[in-house]
Amino acid sequence: MSLIQSISSTLKTWVFKKKLLKFSGRFRQDPEACFYCPEMCRFSCPTAETLKDNTVTPRGKMSLLHLAERGFSAETIAGSEAQRNWYLEQCTGCGRCTEYCVYENDVASNLMNERAKYFSREAVLKAGTGDDAGYVQPAAFSDMLDELRALEGVVLLCEPGRRDWWRAHPKTLDDLGVAEISEVQLPFREWDWGKLADIQIEAIGEALGDCTQIWVESPEAAWFLAKAVKEDRESLSSEVRLVWQRFFALLAAREFGPDVSFHESYHLSRLFPRLGYSIPMYERGLMPFHSGWNSLDCGGEGFYQLAYPGTAREIGVRFLHDLAKDGRALEKIVCQSYACTQHLHGLTDAKVVYWLDELVEGADGSNS
Ligand code: SF4
Ligand code: SF4
């Protein structure tokens, strides 16, 4: 296709999506739009596809919200509050449905907010009963805050278990201008799940108050800091930056052979651009054109793994199975998220490599 044909086709698609397929104004509220939608995003949902369950499609889950807006009780719709919440939990937060939605409805955030309401009601009910209503143990949360409070200046929040790797690569560390490294585990999964109270999010922002710049290795943790802590709270005044933003160009210069697949992070490719953050190589949809890599995105397990590890594993298995069916390269998978390397080990015979390991391989002598 020539460049002119390509531009013309892109314009036609945009006009078709944005102008001709628009919902009537009265259905523009998110849950209502889904309720009346012919479900163009159905195929994209990893939980609905893996569970093979039509009640947990994006539309199915959002319909619960709309029915509540219309006054139907949880008991009437789902049998009980807890059962209704089970449906709301069947979401990895991947944002795929939003990507395919004409309206770009943010299903994941709607579901997360609704779960948060449920869990905060639960917490009130459990208060004073001696049961632990929180998902981050109070002692562990307090220890985490102490560790965050001790940080100052330019810091690196590395993936848990990778501090020694960073210490062994001082040149890479110097490139970031980092003075301190912490491998504290931020409770981003609990937040995604709707189980982190606002007061806890604020406390994290305050604890990071002495940091002037925070480099974050994990896209998931960076998403939590950028969306929950930084954007919605004023207490975090420092800049959150991803390690990927600093080093992506070096990796982009690499040629990956046809037997290598690059497993991108949906946080980087899909979610961050929605916040208006510039993530190099991830202006939506451009990644394969930029790199020529064999790129893929599993749809994610993220916080879902915390809630339903068995189904999360099934999502991973299904994802690999689909790739094999498509004849995709599976000799080696380079993962953009360290968490994904952990998920994929044991699910595939492919060599699973973390992108920073891939990047420094060969250049390591000058790095260490
Ligand atoms: S997210 Fe969009 S495409 Fe999917 S059901 Fe809702 S309105 Fe329809
Ligand atoms: S965000 Fe992902 S998992 Fe959640 S409803 Fe949409 S497609 Fe399904």
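Everything that follows concerns the structure shown earlier in this document.
Per chain, the residues get numbers from 1 upward, laid out in the order the sequence is written. In the order they appear in the text, chains get letters beginning with A and ligands get numbers beginning with 1. The model is predicted, so local features are restricted to residues of pLDDT at least 70 and side-chain atom pairs to those at 80 or more, both for listing and for counting; the totals for chains, interfaces and linings are taken over all residues. With hydrogens and water set aside, each side-chain value is computed from the structure's full complement of heavy atoms.

1. Comments concerning the overall build of the protein chain
The number of helices and strands found in the protein chain is 22 helices and eight strands. Partitioning the contacts of the protein chain with sequence separation of at least 6, the portion at a separation of at least 24 is 72%. Summed over all atoms, the accessible surface of the protein chain reaches about 17,400 Å², with 51% contributed by carbon and sulfur. The helix and strand labels rest on DSSP assignments: H or I over at least four residues marks a helix, E over at least two residues marks a strand, and numbering proceeds from the N terminus. Whether two residues touch is decided by their heavy atoms; if any such pair falls within 4.5 Å, the residues are in contact. For the area figures, the Shrake-Rupley method with a 1.4 Å probe applies, and any residue is considered shielded solely by the protein chains shown.

2. A look at the site of ligand 2
One heavy atom within 4 Å of a molecule or strand is enough for the residue carrying it to be called near that molecule or strand. Around ligand 2, the structure places 13 residues, and the nearest of them are Cys45, Cys91, Cys94, Gly95 and Cys97. Of all the secondary-structure elements, those providing two or more residues to the shell around ligand 2 are α4 (58-69), α7 (96-100) and α8 (107-126). Tallied by class, residues from the shell around ligand 2 come to eight nonpolar, three polar and two charged. Each residue is assigned to one of three groups, with Ala, Val, Leu, Ile, Met, Phe, Trp, Tyr, Cys and Pro labelled nonpolar, Asp, Glu, Lys and Arg labelled charged, and all others, Gly among them, labelled polar.

3. Quick look at the sheet that holds strand β3 (residues 211-216)
In this analysis, strands are considered paired if DSSP registers two or more bridges between them. Judged by pairing direction, the sheet is parallel, and its four strands sit side by side in the order β2-β1-β3-β4 without closing on themselves. Edge positions in the open sheet fall to β2 (180-182) and β4 (239-242), since each of these has one partner strand only. Neighbour to neighbour, the strand axes of the sheet diverge by 25° on average, direction disregarded. Alignment of β3 against β4, held across four bridges, turns out to be parallel. Residue pairing in the sheet places Val216 in a bridge with Leu242 of β4. Helix axes are fitted to C-alpha atoms over the stretch in contact, other axes to C-alpha atoms as well, and angles between N-to-C directions run from 0 to 180 degrees. Along the sheet, helix α15 (residues 243-252) contacts β1 (153-157), β3 and β4; its crossing angle with β4, the most-contacted strand, is approximately 35°.

4. Digging into helix α16 (residues 266-275)
Categorising residues by exposure relies on relative accessible area from a 1.4 Å probe, with only protein chains included: less than 20% of the type maximum marks a residue as buried, more than 50% marks it as exposed, and the intermediate range marks it as partly exposed. Among the ten residues that make up α16, nine are buried, leaving the element largely enclosed by the rest of the structure. Of the surrounding elements, those touching the buried residues of α16 are α7, α14 (219-231), β4 and α15. Contacts described as polar in this section are N or O atom pairs within 3.5 Å, which, within protein, must combine one atom able to donate a hydrogen with one able to accept it, while residues neighboring in sequence count only if both atoms come from side chains. Here α16 starts with a cap whose side-chain oxygen sits 3.1 Å from the backbone nitrogen of His267, and that cap is Ser265. Following α16 by one or two positions, Gly276 has its phi on the positive side, about 90°.

5. So, unusual backbone geometry
Of note, the phi angle at Glu39 is positive, near 65°, even though the residue is not glycine. Turning to its location among the elements, Glu39 is positioned in the loop between α2 (30-35) and α3 (46-51). Backbone geometry at Lys52 places phi at a positive 50°, although glycine is not the residue there. Turning to its location among the elements, Lys52 is positioned in the loop between α3 and α4. Using a relative accessible area of 69% as the deciding quantity, one classes Lys52 as exposed.

6. Notes on the sheet that holds strand β5 (residues 260-263)
Judged by pairing direction, the sheet is parallel, and its four strands sit side by side in the order β6-β5-β7-β8 without closing on themselves. Each edge of the open sheet is held by one strand with a lone partner, namely β6 (295-296) and β8 (351-354). Where strand β7 (residues 332-335) lies against β8, four bridges are found, and the strand directions are parallel. Residue pairing for β8: Val334 is matched across the bridge by Val353.

7. Considering the packing of helix α13 (residues 198-207) against α14
Across the interface, α13 lies against α14 with an axial gap of 10 Å and an inter-helix angle of 110°. Compared by their axis directions, α13 and α14 come out roughly perpendicular. Two secondary-structure elements touch here, α13 through Ile201, Ile204 and Gly205 and α14 through Phe224, Ala228 and Val229. For the contact of α13 with α14, a count of residues per class yields five nonpolar, one polar and no charged. Throughout, the term roughly parallel applies to angles under 35 degrees, roughly antiparallel to angles over 145, roughly perpendicular to angles from 65 to 115, and oblique to all others.

8. Describing the side chain of Asn110
In this fold, Asn110 is placed in helix α8. We classify Asn110 as buried; its relative accessible area is 17%. Polar contacts involving the side chain of Asn110 include one to the main-chain carbonyl oxygen of Asp106, which spans 2.9 Å. Those residues in contact with Asn110 that sit more than four places away from it in its chain are Asp30, Pro31, Met62 and Leu65.

9. Notes on the packing of helix α9 (residues 138-149) against α13
Taken N-terminus to C-terminus, the directions of α9 and α13 make an angle of 25°; their axes are 8 Å apart at the nearest point. When the axis of α9 is compared with that of α13, the two are roughly parallel. Residues Phe141, Met144, Leu145, Leu148 and Arg149 of α9 form the contact with α13, whose participating residues are Gln200, Ala203, Ile204 and Ala207.

10. Section: the packing of aromatic side chains
When the centres of two rings from Phe, Tyr and Trp lie within 6.5 Å, Trp using its six-membered ring, the rings pair. Their planes under 30 degrees apart give stacked, over 60 give edge-to-face, and anything left gives tilted. In the structure shown here, the tally under the stated rule is 15 aromatic pairs. With a centroid separation of 6.5 Å and an interplanar angle of 65°, the aromatic rings of Tyr354 and Trp355 are classed as edge-to-face. Each member of the pair, Tyr354 as well as Trp355, is classed as buried. What links up through ring pairs into an aromatic cluster is the set Trp244, Phe248, Phe256, Phe262, Tyr338, Tyr354 and Trp355. Look at NZ for Lys and CZ for Arg. If either is within 6 Å of the ring centre and within 35 degrees of the ring normal, a charge sits over the ring. Its end group placed over the ring of Trp165, Arg162 keeps NZ or CZ at 4.3 Å from the ring centre. The residue whose ring lies beneath Lys195 is Trp193, and the NZ or CZ to ring-centre distance is 3.7 Å.

Worth remembering: the numbers are spatial, not functional.
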